[in-house]
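Single-letter residue listing:
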Amino acid sequence: MKKKRLNRKKNNPLKFVFTGTQFEKEISLQLFEYSEDSFMELSHLKATDFNNFATKNKQYWLNTHGIHDVEVIENLCKKIGIHNLTIQDILDVNQRPKFQEYENYWFFSLQSILPSETNEINSEQISFILGKNFLVSFQERKADYFTHIRHRLREKTGILHERSVDYLLYLLIEAILDNYFKTIDTIETNTEKFGIIDINEDPSPAILKEIEVYKTQLNHLKKNVNPIKEFITKIEREEFALIDKRHIKYFFELKDLCLTIIDNCEKIENSLSSSIELFFSVQGHRMNQVMKTLTVVSSIFIPLTFIAGIYGMNFVNMPELHFKWGYHIVWAVIIVIFGAMIAYFKRKNWF
Amino acid sequence: MKKKRLNRKKNNPLKFVFTGTQFEKEISLQLFEYSEDSFMELSHLKATDFNNFATKNKQYWLNTHGIHDVEVIENLCKKIGIHNLTIQDILDVNQRPKFQEYENYWFFSLQSILPSETNEINSEQISFILGKNFLVSFQERKADYFTHIRHRLREKTGILHERSVDYLLYLLIEAILDNYFKTIDTIETNTEKFGIIDINEDPSPAILKEIEVYKTQLNHLKKNVNPIKEFITKIEREEFALIDKRHIKYFFELKDLCLTIIDNCEKIENSLSSSIELFFSVQGHRMNQVMKTLTVVSSIFIPLTFIAGIYGMNFVNMPELHFKWGYHIVWAVIIVIFGAMIAYFKRKNWF
Amino acid sequence: MKKKRLNRKKNNPLKFVFTGTQFEKEISLQLFEYSEDSFMELSHLKATDFNNFATKNKQYWLNTHGIHDVEVIENLCKKIGIHNLTIQDILDVNQRPKFQEYENYWFFSLQSILPSETNEINSEQISFILGKNFLVSFQERKADYFTHIRHRLREKTGILHERSVDYLLYLLIEAILDNYFKTIDTIETNTEKFGIIDINEDPSPAILKEIEVYKTQLNHLKKNVNPIKEFITKIEREEFALIDKRHIKYFFELKDLCLTIIDNCEKIENSLSSSIELFFSVQGHRMNQVMKTLTVVSSIFIPLTFIAGIYGMNFVNMPELHFKWGYHIVWAVIIVIFGAMIAYFKRKNWF
Amino acid sequence: MKKKRLNRKKNNPLKFVFTGTQFEKEISLQLFEYSEDSFMELSHLKATDFNNFATKNKQYWLNTHGIHDVEVIENLCKKIGIHNLTIQDILDVNQRPKFQEYENYWFFSLQSILPSETNEINSEQISFILGKNFLVSFQERKADYFTHIRHRLREKTGILHERSVDYLLYLLIEAILDNYFKTIDTIETNTEKFGIIDINEDPSPAILKEIEVYKTQLNHLKKNVNPIKEFITKIEREEFALIDKRHIKYFFELKDLCLTIIDNCEKIENSLSSSIELFFSVQGHRMNQVMKTLTVVSSIFIPLTFIAGIYGMNFVNMPELHFKWGYHIVWAVIIVIFGAMIAYFKRKNWF
Amino acid sequence: MKKKRLNRKKNNPLKFVFTGTQFEKEISLQLFEYSEDSFMELSHLKATDFNNFATKNKQYWLNTHGIHDVEVIENLCKKIGIHNLTIQDILDVNQRPKFQEYENYWFFSLQSILPSETNEINSEQISFILGKNFLVSFQERKADYFTHIRHRLREKTGILHERSVDYLLYLLIEAILDNYFKTIDTIETNTEKFGIIDINEDPSPAILKEIEVYKTQLNHLKKNVNPIKEFITKIEREEFALIDKRHIKYFFELKDLCLTIIDNCEKIENSLSSSIELFFSVQGHRMNQVMKTLTVVSSIFIPLTFIAGIYGMNFVNMPELHFKWGYHIVWAVIIVIFGAMIAYFKRKNWF
Ligand SMILES: [Mg+2]
Ligand SMILES: [Mg+2]
Ligand SMILES: [Mg+2]
Ligand SMILES: [Mg+2]
Ligand SMILES: [Mg+2]
Ligand SMILES: [Mg+2]
Ligand SMILES: [Mg+2]
Ligand SMILES: [Mg+2]
Ligand SMILES: [Mg+2]
Ligand SMILES: [Mg+2]
Ligand SMILES: [Mg+2]
Ligand SMILES: [Mg+2]
Ligand SMILES: [Mg+2]
Ligand SMILES: [Mg+2]
Ligand SMILES: [Mg+2]
Ligand SMILES: [Mg+2]
Ligand SMILES: [Mg+2]
Ligand SMILES: [Mg+2]
Ligand SMILES: [Mg+2]
Ligand SMILES: [Mg+2]
Ligand SMILES: [Mg+2]
Ligand SMILES: [Mg+2]
Ligand SMILES: [Mg+2]
Ligand SMILES: [Mg+2]
Ligand SMILES: [Mg+2]
Ligand SMILES: [Mg+2]
Ligand SMILES: [Mg+2]
Ligand SMILES: [Mg+2]
Ligand SMILES: [Mg+2]
Ligand SMILES: [Mg+2]
Ligand SMILES: [Mg+2]
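Residues numbered from 1 in each chain as written. Chains lettered and ligands numbered in written order. Predicted model: local features only at pLDDT ≥ 70, side-chain atom pairs only at ≥ 80, totals over all residues. Heavy atoms only, no water.

**Some thoughts on the interface of chain D and chain B**
Here is the rule we go by: Note on definitions: a residue-residue contact is assigned when non-hydrogen atoms from the two residues lie within 4.5 Å. The buried area of a pairing is the accessible area, by a 1.4 Å probe, that goes missing from both parts when the two are put together, added over both. Salt bridges are defined by distance alone: a side-chain nitrogen of Lys or Arg within 4 Å of a carboxyl oxygen of Asp or Glu. Two N or O atoms count as a polar contact when they lie within 3.5 Å, although within protein this holds only if one can serve as hydrogen donor and the other as acceptor, and sequence-adjacent residues are included solely when both atoms are side-chain atoms. Helix numbering and strand numbering both begin at the N terminus, where a helix is a DSSP run of H or I of at least 4 residues and a strand a DSSP run of E of at least 2.
Across the boundary between the two partners, chain D contributes 70 residues, which contact 63 residues of chain B. Summed over both sides, the interface of chain D with chain B buries roughly 5,800 Å², with 58% coming from carbon and sulfur. Among the residues of chain D in contact with chain B, N288, F306 and F315 of chain D are the three that bury the most area, contributing 12% of the side total. At the junction of chain D with chain B, the criterion picks out 8 salt bridges. Salt-bridge contacts for D263 of chain D lead to K223 of chain B; the nearest nitrogen and oxygen are separated by 3.1 Å. Linking chain D with chain B are 21 residue pairs in polar contact (both at pLDDT 80 or more), by the criterion used here. Elements with a minimum of two residues in the side of chain D that touches chain B: helix 3 (147-155), helix 4 (165-191) and helix 6 (248-310) of chain D.

See below:
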């Protein structure tokens, strides 16, 4: 399915465009307000009911399921002071991962991989707005990536509830990267068969078409992880005021996950390259076997047929034909030649 | 068509040379003068009628259709204080995109892709002069890239009329990059067929010639986008006084477009590389099938013909010929050999 | 065997997970306390008996055999003030080498290669905690890499006992890198056979499968050495207070070992690439030889059989058949053609 | 022709060596002395008659045709205070382009491409000494690259006579780079034929030998342009006192020329790579066609010949031979088999 | 011959190990003491007779032939205050070139190429210790690389005797790099034959084995020159107090030699890559020629043999056999078919 390309030559620059597919009937919000000693959850908040992140010493996480209704998203964003460029970025789901710093917030979007039963990889854009005491996450549809995070918030497990929202951002990205690993494991399992092509069967070029599919998928994964890695490298340089210094080591952890994903992709890519070489070698090997069969059969029987042909001629004066043992001598000659040929090709290892 | 190469060993360095093709009968200018609360448009201004960008607190956009008349362009440039090097750069349309900072203006040129019905890609050079309160754009011919921008100016839609001309430059580049996307979409559609080469047909090397055309086009696109990306990276480093700080995020947006274009080009390039491998595998596969056919037929009938040849010999003393069931026994032998061969090749999966 | 992937979506972030295999029945510790003039060794210390690294002016080396018991490791780490992230890193043995600086210690993990009798490469994760006056090393199982270091400590050979624990760390890493060299030497010996493929035998594609195994192993080695090199480059920049300035030159020595390992890997990789090219050339060469045999035999005997076939026809009116020397003339013609063919193919060097 | 390698193990380091070929009978000099309002030209100055660049407020250009006479060049260089290393660099014409800053002058050498009628590329080393008010250029032989520059000096066209000698250097390098473009245009024209290899002819490996020649030439061009680009990048960083700030934009122009040359080289290189792939695909295509012809002919006639062979046997008891229509039935069978085979191969598209 | 690997897990770190071969019977030293106006040479100094570099205002060059006697080298090094790490580096001759700065001296080692008559490249490690007024060089065996330098010292030719020992180091490295050029020239001469493979001969895969040898050699050269280049780049940045500023331009000269060596290696590598492609194209070309021969012969004679077979059948009722001109008509048909086939294949250019 072709992706919808955002038209950038709009007469009205303030008319935002959603470039994705509608998955949810209605946009629904969940709001979490938490601090070291308080917790409040609004599960099915309507966008119109949301006001703002009022209390200074609380942390807020606002999660959105569905972004298909341009007006709703636009109004929501306006309430928290989001720039027009960011609003369009949230709505344009067919972008490469991007990071942009604004005066009072960060925008960060990435592609979350959705493992599927079929051979295809689907990805969904998840966008984040990180402010001083709030984090807004925009998901195209309901998904259960973040169940464990909600659990930790509610149960006050770990340190999440004691920390600022940048720690929450770390947990969300970690959950998304976890899906990349699952996808790579699936690809690794699916591509193992290419390394064990049967040497004695003529391989079908359809194998190469399939390998190409996996190469494209791995490329897609790498292209989407690389910008995340770069974004974390910026954090590592301690460039941003919105990240608590105590949390930098958690983002390091994410960078390591990115590097591991890229390493794994490259490992499988290398193995696919070798499979392609194996394919061509098996093809050539099969050709050699076929030609050796043809050559052995032809080289033995064509000369023998010639001999039979000689004594099938009808010349009146052919003395050998009248010899008593002529026929038997010819048979002897044929058997000798046959045996010599077999021995010769045997020695040459041709069969 | 070979491009006209600028002769650089001119006796008179002040004789400028136009290296392109004349598309318009006459050079025509459009001048837009705007500010937050005023707007004035001169649609068919003659170059001789243009004076200068007088009013300090107004913004000016001067657009040129046609640059074939060296004298006209030279005079126009002189009026706004353009350096001789820049004048020649505007007139030499067969250059790689370039950016040059001068004392009181910027020069920036790029290649705009013209989508065409045929398989070819045509590009046209568009040059920009960005001054303190003016932007001059030079187009080789009339085109409708910027219609939406003129609309926004006239209707005061968006923020264009409130901002300085560097914001206008952003919109113009965005419109040009939009054409790149359209071209890439066309290439993507056209190259999809290479991934579905029929495995059971001998592929024609003409396919490789066609793939080469698309590889060259993608290379051409990347080569022309890369300098734009580098130019924006310079803006990102806030090196330039002519860019309003509030507008830097818009140029970031452009950089992202460039990166997406390059990503898309590389994706198609990778897929074309795989198609080439597929081509060679199908060629080898076809060869294998042809040879297997030959080998099966020859291996079965050449030995049988030898047997028939034996009993076609004319020896006087060939006892088998006189056996009552000799002929029938030979037939039986032939059928047994035939069946064994068929079974053997069947088991080997040769047909 | 598939590696166990750490589940990162845990409801309880404080529940650590061991992702490896249990090799030892019980976790056992060795503690070395040393200074310029003292030495004390506790060989089979239980984790519960360990307290802390009390004496300021002594150096401590605590080595662990076995990390499979999560609770034991967790308690041990808590005693020396290790962060939760580090505890999980120690227990997750399927990671790329990593380095992380904490407030009062360094964490550093790498993969130690275990040479084995079979064709496989096994690696074990070794983690280090470097503090002001202590070094803790975590090994998955008992191994004899560090025998010489224990010897030096006990016998006060060299300068080890006079120096701070960062010098000890240098010796431990050196011992681990030494195993890499042994593994590379084994790979080099095993891959030499690929360069001497017999030109006159049809090579089996199984060779390519074997080459792929070695390419993957070399890639694995390089991927594990590269992070060590990068970690030492950081030391080279004198970024760390925990490294005595006098010891930096020893870490340079390690960087050189890393570079040599990478060089050796690349040398073998290049040679394997050439072996693949050799494989395909031998395959093509064999094909050429087979086809030349077929062509020579067929080109000689098919025309001769045609001649014999002519005089095997049963036309009533065939004058040649009644010539006295007809049969002998045909033989003469056959011999002349045969000789000419042989001469022709001989001159063409076809056999 | 092998290049003469400079022997660096000389007993006497002050014995300079000329490593080129003598083209001119005698070394001749041209001296230009100019300023905004004066001009003086000495056309056939002998090296011994030259003194020095006396007048402070004049600019001097000293051009040398021929550098084969070591003593003459040495004396000349001594008069203007050139270091021994530079003298040897001027005389060793088989070097990669180099740039070296000295206390009171710059040394800069590059390879000038000489377009020739044959398929070969010849290059000549041109060395420059740039001082405060003088530029010395050393050419191996007379050539007409710089005619337009002499013209501009004499006629006071443009701004050359008003500017310092670094502007002159810009013009000289521009003229040399212009020759690169001419050479690339020739290569582009010559290599176009490789893209239109006839698909129905067996291509000769001689084509690959020819492609290799062009690849080597393009590589040679790139290797010689890259150092020029790097040298200009240094100027761009405004590192040098000898360059008037107003002239930096002219050197930018040169950098752009270098980048364009490299782009063009890479474009042709990519196209040559594709031609190699095309070569192999046409070779495989031809093989497929040949084998299909063989297979069709053999598969049709070998079985038919077998049938004929059957009824050529001489068994006494072969009832079919005595059937009245036996012969006609065999013909019918043969025709049916023939037709079925033709139809089968036709449907398979084998001819 | 396998290289001896240094065992790094020694119980006694102070036991140094020599990893090379003994070439000289005894270690012999030459000591040169020089200054602008004095010169003293001790030709066959024993290591035990050497004391130290006493006189402050003299320069010392101590050269060693043979390093096989660990004790001798150790004692010598101790006398001039060399660190244990350096001593082991001098004795371990199987290392990549390395550079290490110590408090009061520099250590620098490189591989000197020994041109040999056979096809192999041997290299020897030469180590340098550069101090304030002394340079010690360690050679594995006697060689005549430095004859011209000794000559210059003795005869006071050039400026060597006036300068500090870093100038001497420049001359020594220059002499070693000179050997690289000689080796590359030999390789270039030896590899030229690969570009002129005979198109009409089936090429042997042994050629690829030989090409691999040269590729490995070129790689070896590049790997050994690259660290020298990097070391000089450090000097270029004026980081070292031991280098007289006046001498930096000489080290630039060396960097240029390194770059030229690398360029030359890459040029030959590219040409070898093209030779491999040429190899495969000639192989395919030969195959095409063989198959065309087979196809032409088979396609002509198999159908003709079928015709002869028809009239060799023994049906009683075969009217044609009784026609008077039957036999002649068959001959006519055969000749017509033969001629048509020849014309067809001629037109197809198959022979
Ligand atoms: Mg990519
Ligand atoms: Mg990568
Ligand atoms: Mg990595
Ligand atoms: Mg990587
Ligand atoms: Mg690899
Ligand atoms: Mg690779
Ligand atoms: Mg690849
Ligand atoms: Mg490119
Ligand atoms: Mg890119
Ligand atoms: Mg990208
Ligand atoms: Mg790519
Ligand atoms: Mg790829
Ligand atoms: Mg390839
Ligand atoms: Mg890799
Ligand atoms: Mg590397
Ligand atoms: Mg290296
Ligand atoms: Mg390397
Ligand atoms: Mg290689
Ligand atoms: Mg190159
Ligand atoms: Mg480039
Ligand atoms: Mg470029
Ligand atoms: Mg480029
Ligand atoms: Mg290429
Ligand atoms: Mg390309
Ligand atoms: Mg290499
Ligand atoms: Mg290399
Ligand atoms: Mg170079
Ligand atoms: Mg290079
Ligand atoms: Mg290169
Ligand atoms: Mg190469
Ligand atoms: Mg190349």
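**Concerning the relation of the copies chain D and chain B**
In this structure, two copies of a chain are linked by a rotation about an axis accompanied by a shift along it. The condition is simple: The least-squares superposition of copies is restricted to C-alpha atoms, and to residues with a pLDDT of at least 70 in both copies.
The two copies are related by a screw motion: chain D maps onto chain B through a turn of 72° and a shift of 0.0 Å along the axis, at an RMSD of 0.1 Å. On the angle and the small slide along the axis, the relation comes out as a five-fold axis. In terms of C-alpha distance to the rotation axis, chain D has G312 of chain D as its closest residue, with the C-alpha 4.6 Å off the axis. Comparing interface residues between copies, only 17% of those in chain D also lie at the interface in chain B; the contact surfaces differ.

**Points about the environment of E101 of chain B**
All names here are of chain B. Heads up, the condition is: The classification of residues rests on relative accessible area computed with a 1.4 Å probe and restricted to protein chains. Under 20% of the type maximum is buried, over 50% is exposed, and intermediate values are partly exposed.
Mapped onto the secondary structure, E101 falls in strand 4 (residues 98-101). Exposure remark for E101: the relative accessible area of 43% places this residue in the partly exposed category. Residues E101 and L130, spaced 29 residues apart in sequence, show a C-alpha to C-alpha distance of 9.6 Å. Excluding residues within four positions of it along the chain, E101 makes contact with W106 and F240.

**So, helix 3 of chain D**
Residues and elements named next belong to chain D. Listed in full, the buried residues belonging to helix 3 are H148, I149, R150, R152 and L153. Looking at the buried positions of helix 3, the neighbouring elements they touch are strand 1 (28-35), strand 2 (38-45), strand 3 (59-65), strand 7 (134-139) and helix 4. Positive phi shows up at K156, right after helix 3, with a value of about 55°.

**Re the UniProt feature "transmembrane region" (unreviewed entry) in chain A**
Residue and element names in this part refer to chain A. Note the following rule: UniProt positions are given in the numbering used here, feature names are shortened, and annotations may be inferred rather than shown by experiment.
Residues given the UniProt feature "transmembrane region" (unreviewed entry) here are residues 293-313 and 325-345. With 86% helix and 0% strand, residues 293-313 has end C-alpha atoms that lie 30 Å from one another. Secondary structure over residues 325-345 splits into 95% helix and 0% strand, and the C-alpha atoms at its two ends are 30 Å apart.

**Re the relation of the copies chain A and chain B**
Placing chain A over chain B gives an RMSD of 0.1 Å and needs a rotation angle of 72°, together with 0.0 Å of translation along the axis. Looking at the interface residues of chain A, only 19% of them are also at the interface in chain B, so each copy uses its own face.

**Some remarks on a nonpolar patch on the surface**
Residues and elements named next belong to chain A. Our working rule: Excluding any residue in a salt bridge, patches collect residues exceeding 30% relative accessible area, merging like charges within 9 Å and nonpolar Val, Leu, Ile, Met, Phe, Trp and Tyr side chains within 5 Å. The protein chains shown are the only cover counted for residues, whose accessible areas, like all others here, come from Shrake-Rupley with a 1.4 Å probe.
A cluster of nonpolar side chains, namely W325, I329 and V333, defines an oily patch on the protein surface of about 310 Å² accessible area. The topology assignment puts V333 in helix 7 (residues 326-347). The exposure class assigned to V333 is partly exposed, which follows from its relative accessible area of 38%.

**Regarding the domain arrangement of chain A**
Under the convention used in this document: Marked domain ranges trace back to an automatic or database domain assignment.
The domain boundaries assigned to chain A delineate domain 1 (28-282) and domain 2 (311-347). On a C-alpha basis, the centres of domain 1 of chain A and domain 2 of chain A stand 81 Å from each other.

**As for the arrangement of the chains**
Chain C makes no contact with chain D; the smallest distance between any of their C-alpha atoms is 9 Å. One finds no contact linking chain A with chain E; the least C-alpha distance across the pair is 9 Å.

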